[in-house]
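# Observations on chain architecture
Each chain is listed here by its residues.
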Amino acid sequence: MEDVLKQSDQLFDAYKFRESYDLLLKQTDRSYEILWRLCRVIYSLSREFVDDASKSKQLEALIFEGFDYSKKAFELAPERSAAHKYYAIFLAEKSGIDGLKERVLQLSTILKHLKKATELDAQDPFAWFVLGRFYHKLASLPWFQKKMIHTFTIDVPEATFEDALQCFEKAENVAPNFFPLNHLMLGETYIALKNGTKARHFLELAANQTAPHTADDREAQKTAKALLKKL
């Protein structure tokens, strides 16, 4: 089993997501170590379909598959950071498919698991990134959408751009330059906070990637270039 986990990690680190997925899927022992890796690679695979409307059914299938594995991983190891992280990620994705009301009703649960993930492993930059993006999305909502959200429930988390910034900065401090999308989000957050100088610094990092490997990398580069033209 250790050899399988090692090979899976090597494939993932080489951006060979489909090969890593196929290897993990063949394993009959669905231990926590297999399950959280399946969640990780399924999430990466799903990101390739986000902007392709013709692949919406494939995207939904991956999200529901990932949610199923994340739920099982959490049930097996509720004391592990990755269990909380991927349960939150796929709960957010699944509730988005289930509709706006369901997504709103799950906001507090999603936040609870993201916070727990960072508490259990403060050295996981991706957990900090996801938490930061959660805060950023909430903080970015216009007032009328926030008002509409409160028609579904009063249990809506408060979030500010300062909250988001702290998380993105924490991710960068833990692992500098680990993720171009984190650079983009730092840039966008500094724009929201009216700090153009710092925004430009991080947007340039995202825009000037020499070898974007994933859909997220390409998104970061494209969006950063567009934002730089407006600064």
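Here the structure is a predicted model, which means the values were calculated and not measured. (Residues numbered from 1 in each chain as written. Predicted model: local features only at pLDDT ≥ 70, side-chain atom pairs only at ≥ 80, totals over all residues. Heavy atoms only, no water.)

## What to know about the overall build of the protein chain
Scanning the protein chain from N- to C-terminus turns up 13 helices and zero strands. Shown N-terminal to C-terminal, the secondary structure of the protein chain runs as helices and strands in the order α-α-α-α-α-α-α-α-α-α-α-α-α. Against the compact-globule benchmark of 17 Å for 231 residues, the protein chain has a radius of gyration of 18 Å, which places it among compact chains. Projected onto the principal axes, the alpha-carbon positions of the protein chain cover approximately 50 × 45 × 40 Å. Within the protein chain, the proportion of its 231 residues that are buried is 49%. By sequence separation, contacts in the protein chain at least 24 residues apart represent 60% of the contacts at least 6 residues apart. Element-wise, carbon and sulfur atoms account for 52% of the exposed surface of the protein chain, whose accessible area totals about 12,000 Å². Put simply, the protein chain has 33 plus and 33 minus side-chain charges, and the middle of one group is 4 Å from the middle of the other. (Helix = DSSP H or I, 4+ residues; strand = E, 2+ residues; numbered from the N terminus. Rg over C-alpha atoms; globule rule 2.2 N^0.38 Å. Buried < 20%, exposed > 50% of the residue type's maximum accessible area, 1.4 Å probe, protein only. Contact = heavy atoms within 4.5 Å. Areas by Shrake-Rupley, 256 points an atom, 1.4 Å probe, with all protein chains shown as cover. Lys, Arg positive; Asp, Glu negative; His and termini not counted. Charge placed at Lys NZ, Arg CZ, Asp CG, Glu CD.)

## Some points on helix 5 (residues 81–98)
Here helix 5 spans 26 Å end to end across 18 residues, near enough to the 26 Å set by a 1.5 Å rise per residue. Most of helix 5 is tucked away, with 14 of its 18 residues classed as buried. (Expected span 1.5 Å × (residues − 1).)

## Concerning the nonpolar core
Phe-90, Phe-129, Phe-134, Tyr-135 and Leu-184 are the most contacted members of the largest nonpolar core, which has 68 residues in total. It is helix 3 (residues 32–47) that provides the largest number of residues to this core, a total of 10 residues. Sequence-distant contacts of Phe-129, that is, excluding residues within four places in its chain, are made with Phe-168, Ala-171, Phe-178, Phe-179, Leu-181, Asn-182 and Met-185. (Core = buried A, V, L, I, M, F, W, Y, C linked by side-chain atoms within 4.5 Å.)

## Examining the pattern of salt bridges
Applying the stated rule across the entire model yields 11 salt bridges. The residue Glu-33 makes a salt bridge to Arg-37 at a minimum N-O spacing of 2.7 Å. You can see Glu-33 and its partner Arg-37 sitting in helix 3, four residues apart, about one turn around the helix. Its relative accessible area of 9% is what places Arg-37 among the buried residues. Asp-98 is paired through a salt bridge with Lys-94; the nearest N and O atoms lie 2.8 Å apart. (Salt bridge = Lys/Arg side-chain N within 4 Å of Asp/Glu carboxyl O.)

## Description of the packing of helix 11 (residues 180–192) against helix 13 (residues 215–230)
Running from amino to carboxyl end, helix 11 crosses helix 13 at an angle of 30°, the nearest separation of the two axes being 8 Å. Judged on the interaxial angle alone, helix 13 and helix 11 are roughly parallel. Two packed elements cross with a definite hand, and for helix 11 against helix 13 that hand is left-handed. Between helix 11, through Pro-180, Leu-181, Leu-184, Glu-188 and Ile-191, and helix 13, the contact on the second element is made entirely by Asp-216, Asp-217, Glu-219, Ala-220, Thr-223, Ala-224 and Leu-227. Tallied by class, the residues present in the contact of helix 11 with helix 13 amount to seven nonpolar, one polar and four charged. (Axes fitted to C-alpha atoms, helices over the stretch in contact; angles between N-to-C directions. Parallel < 35°, antiparallel > 145°, perpendicular 65-115°, else oblique. Left-handed = near helix turned anticlockwise from the far one by under 90°. Nonpolar A, V, L, I, M, F, W, Y, C, P; charged D, E, K, R; others polar.)

## Regarding the side chain of Asp-216
Within the fold, Asp-216 resides in helix 13. Reaching out from Asp-216, the side chain makes a polar contact with the side chain of Arg-47 at a distance of 2.9 Å. If near-sequence neighbours (up to four positions away) are discounted, Asp-216 is found in contact with Arg-47, Phe-179 and Leu-181. (Polar contact = N/O pair within 3.5 Å; in protein donor to acceptor, adjacent residues only side chain to side chain.)

## Brief notes about the side chain of His-136
Within the fold, His-136 resides in helix 8 (residues 125–140). Apart from residues no more than four positions distant in its own chain, His-136 is found in contact with Phe-161, Ala-164, Phe-168, Met-185, Glu-188 and Thr-189.

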